[in-house]
Each structure stands twice: as C-alpha cells, then as structure tokens.
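Close look at the chain arrangement
So the chains spell out like this:
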Amino acid sequence: MDAAALTDWFERRVADHLFSGVALVWRDDGPLFSYAGGIAHRGHGVPVTDTTRFGVASVTKMVTATTVLRLVDRGLLRLDRPVVELLSAEQRPAAMTAAHTVHHLLSHTSGLADYHDDEDQSWTSFRSIFDRIPSYRLRRAADMLPLFVDLPAVSAPGTRYQYCDANYILLGLVVEAITGRPYAEVALDDVLRPAGMLDASFDALDDDPPRLATGYLSSPGVPPETWPSNVFSLTARGMPDGGMISTAVDLVHLVESLLAGRLLSPALLRAMQVPQGPPTNEVEQYGYGLELTVVDGEVTIIGHGGSDPGVSARVSHDFQTATTIVVLCNYTQGSWVATLHLEEALGIVDPRP
C-alpha cells in the first residue's frame, strides 16, 4: 500500500468537493493508514481532523443489534420471542402479529412496512417525513411510530429479506420495554462504553455536540458553496435505526470488541455474522445488524453502511486480511467510492457493486 499515493487521491477528492471527512485503515491493533480532510463546518471554516465526530446513520444498527443480543445473552430476551408480547398496544404496528419475532426485526425479515422509501436515492421520501412531524419533535423511538404504525405489511414474516429502518425503531422500543430505560442510555452503558467508544453518543443536535461535523447536502452540478446543511433533514436525536455520533477510531473499537468476544457470547457473535434471511446466492446478505459479503457460501466481509442527507459512512472488516476500514463523510455521498479505493490499494477483493 502506497500511503502517499492514497493521501494524494484523497486530497484531489477534497479539492474537487467529492469528499470531506476521515478515512482509517486498521490492522494489527493500530492504524495502517489515516486521512482527515475537508471542512467540518463551512460557516466557521472549521477543518476536519482525526478527532472530528460524524453522524454515522445506519452504522448505528451495529450498536442496536449488539444491545439487543446482550439482553439475549443475559436471559432477559429470546430471539424467538413474539414482539407483541413485549410492546404495549399503542406501540405495535397494526400489521404486527404473534408470528413476528425479535429475530425477524434483527434480520430485516419481518415484512413490516418502513417509514420511508429506502430505494429513493433522491432523499425526497426520507425528508418528507419532516413535513408530517417536525424534526425537533423526533427524539425517541416512540416519536417515530406515527410514521409507520398504521401501514399494511409488505410480506409475511420470514419469507423475504427487505431492509427496513422501522424494524430497528421497534428494536429500540423492545430494549426500552425490557430495561425500563431509554434506548440511548442502555446502548451507551451496554455497548458504547464497554467497547471503549469514548466519543460515541446519541447527543441531541440542538445540544450542539462538541466536534460534530455539520452535514452538507452535496449534489452533482450544484455549486458546493450553495449546498445547504442537513440541520432540517435529520431527527433531533439519533434513533436505534440510525443517527449515532462517532469518530472513526471509535467504530474500529466497536469492531475489535465484537470480534474479540468482549461484547457477546460466541454463539450470538456467530449468529450476528452469518446470513439470517431465506437462502440466497446474493453477494450482499444480512446477519443481525451486520451487512455481509458472501462469496461461494463464505462470509468474507462484515460491516455496515450509513446514508442520511449530509451523511455518508462505511465500516468494513475483511476477514482474509484482518483489516478494518472506516470512512466517514459529511457529504451525502463519498464514503463508498473511498472504501472501494482503499480496498483496491490493500488488495482486498470485494465483489459488491
């Protein structure tokens, strides 16, 4: 790996307004390559550094799944437990039946409807939720329920994999029901701090979290200086399905803690890392809170991506090289191309499109 060439590549991306953020390659308990560049706050001219914190969108699902599985490890919850037995009547989606289990939520096989169209790459569907409920009112998982609680099911539970943010909103409510505490507090005490993630949090955005990069709604063909911030395009506080705040090194600590068995029992760690949906030959599959790259029946890469307006994040761990890559960007796009470039430089074979 040519570190100088990689730095030059990132510098060019920053100069062309294609990247703003951090990139970290970690192997053998230390950084193999790191880069920080771009602007964390345009109005004040604050540069990105390696201690800048970023919203990580759906990378948060790694934390939520781990939080739930730790409750399973303690005997407080079962994967086959019907969710209707855990949630109050007002928190259950109308389409939920006794057949919907915790397993179905974790693996995105519930068949329940989402609160936005995940296939809409323009973010129009996602941002439209704030026309129904102002962003400043969305601070806990229960606040999201009116967006999907009355929607009909998409499919029967267990019959198909379909990525659905609402599944993880419901898991956050399950955590609260079991513990009697807010989801964010439980995730902090049970996962973030035990993993050594000292800069990770679920701070409310209007509390002005320290060192948090402002997200910008990057758009091709639009002058960068006119890109709006994402201040009105996110929930006021991170949710169980996305929105945690973290540094890159903290996300490395999460991966290391998981793989070292410091957070979960061997059986549940294994379950997290193997496909949990119906059998398929797809390269991209899902475990419990982990996106899996599967080649010839073998899981070769684990991690999770995260996308929100003004947020682009990617965590990947390649088993063959024992390498973790974290890329965090405060533009709407940027992390995926950077991750693929780093993998190529490292000789990591990634068949994902």
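So, here is what we can say about the structure in this document. All values derive from a computational prediction rather than experimental measurement. (Residues numbered from 1 in each chain as written. Predicted model: local features only at pLDDT ≥ 70, side-chain atom pairs only at ≥ 80, totals over all residues. Heavy atoms only, no water.)

1. A word on the overall build of the protein chain
From N to C terminus, the protein chain includes ten helices and eleven strands. Against the 2.2 N^0.38 benchmark of 20 Å for 353 residues, the protein chain shows a C-alpha radius of gyration of 19 Å, consistent with a compact globule. C-alpha atoms of the protein chain, sized along the principal axes, occupy 55 × 45 × 35 Å. Counting over 353 residues, the protein chain shows a buried share of 55%. Pairs at least 24 apart in sequence give 66% of the contacts found in the protein chain among residues at least 6 apart. Total accessible area computed for the protein chain in this model is approximately 14700 Å², and 52% of it derives from carbon and sulfur atoms. Here the protein chain contributes 25 positively and 43 negatively charged side chains, and the mean placements of these two sets differ by 6 Å. (Helix = DSSP H or I, 4+ residues; strand = E, 2+ residues; numbered from the N terminus. Rg over C-alpha atoms; globule rule 2.2 N^0.38 Å. Buried < 20%, exposed > 50% of the residue type's maximum accessible area, 1.4 Å probe, protein only. Contact = heavy atoms within 4.5 Å. Areas by Shrake-Rupley, 256 points an atom, 1.4 Å probe, with all protein chains shown as cover. Lys, Arg positive; Asp, Glu negative; His and termini not counted. Charge placed at Lys NZ, Arg CZ, Asp CG, Glu CD.)

2. What about helix α10 (residues 335-346)?
With twelve residues, α10 should cover 16 Å at 1.5 Å per step; its first-to-last C-alpha distance of 16 Å lies within 8% of that length. All buried positions along α10 are accounted for by S335, A338, T339, L342, E343 and L346. The buried residues of α10 occupy an angular sector of 135° when projected down its axis, which confines them to one face. (Expected span 1.5 Å × (residues − 1). Arc of directions from axis to C-beta.)

3. Remarks on the environment of L342
Relative to the assigned elements, L342 resides in helix α10. Note on L342: relative accessible area 0%, which makes it buried. Each C-alpha atom of the pair L342 and G261 lies 27 Å from the other, and the pair is 81 residues apart in sequence. Beyond its immediate chain neighbours, meaning those up to four positions away, L342 contacts L6, F10, A23, V25, F33, I325 and V327.

4. Some details on the pattern of salt bridges
Taken as a whole and assessed by the stated rule, the structure comprises 14 salt bridges. Across the pair E176 and R140 runs a salt bridge, and its minimum N-O distance is 3.4 Å. Of the two residues, E176 is situated in helix α6 (residues 165-179) and R140 in the loop between α5 (129-132) and α6; the sequence distance between them amounts to 36 residues. With a relative accessible area of 15%, E176 lands in the buried category. Of the residues examined, R140 reaches a relative accessible area of 42% and is grouped as partly exposed. The salt bridge partner of R181 is D189, with a shortest N-O separation of 2.5 Å. Residues joined in a network through salt bridges with shared partners are R181, E185 and D189. (Salt bridge = Lys/Arg side-chain N within 4 Å of Asp/Glu carboxyl O.)

5. Comments concerning unusual backbone geometry
Most peptide bonds take the trans configuration, and most residues that are not glycine carry a negative phi. For H17, which is not a glycine, the phi torsion comes out positive at approximately 60°. Residue placement: H17 occurs in the loop between α1 (3-15) and β1 (21-27). The phi dihedral of D296 is positive, around 50°, even though this residue is not glycine. Note on placement: D296 falls in the loop between β8 (291-295) and β9 (298-308).

6. Examining the side chain of H317
Positionally, H317 belongs in strand β10 (residues 311-318). Residue H317 is classed as buried on the basis of its relative accessible area, which comes to 8%. Separated by 3.4 Å, the side chain of H317 and the backbone oxygen of T323 make a polar contact. Excluding residues within four positions of it along the chain, H317 makes contact with V255, L259, T300, I301, I302, A322, T323 and T324. (Polar contact = N/O pair within 3.5 Å; in protein donor to acceptor, adjacent residues only side chain to side chain.)

7. Considerations on the packing of aromatic side chains
For the coordinates displayed, the defined rule picks out eleven aromatic pairs. Centroid distance F10 to Y35: 5.0 Å. Interplanar angle 20°. Geometry classified as stacked. One end of the pair, F10, is in helix α1; the other, Y35, is in strand β2 (residues 30-37), and 25 residues separate them in sequence. Given the relative accessible area of 0%, F10 is considered buried. Ring plane angle 35° and centroid distance 6.4 Å describe the contact between Y115 and F148, whose orientation is recorded as tilted. Taken as a pair, Y115 in the loop between α3 (102-106) and α4 (124-127) and F148 in the loop between α5 and α6 lie far apart in primary sequence, 33 residues in all. Each member of the pair, Y115 together with F148, is buried. Aromatic rings pair up to connect W9, F10, F19, F33 and Y35 into one cluster. (Phe/Tyr/Trp six-rings, centres within 6.5 Å; stacked < 30°, edge-to-face > 60°.)

8. As for the sheet that holds β10
Pairing between the strands of a sheet comes from backbone hydrogen bonds, and it takes one of two forms, parallel or antiparallel. If you trace the seven strands from one edge of the open sheet to the other, you get β2-β1-β11-β10-β9-β8-β7, paired in antiparallel fashion. Either end of the sheet is taken by a strand with one partner, and the two such strands are β2 and β7 (284-286). The average undirected angle you get between the axes of adjacent strands in this sheet is 20°. The pairing of β8 with β9 spans five bridges and is antiparallel. Looking at the pairing, T293 lines up with I301 of β9. Along the sheet face, α10 touches β1, β2, β9, β10 and β11 (323-329) and points at about 150° away from the line of β11. (Pairing = 2+ DSSP bridges. Axes fitted to C-alpha atoms, helices over the stretch in contact; angles between N-to-C directions.)

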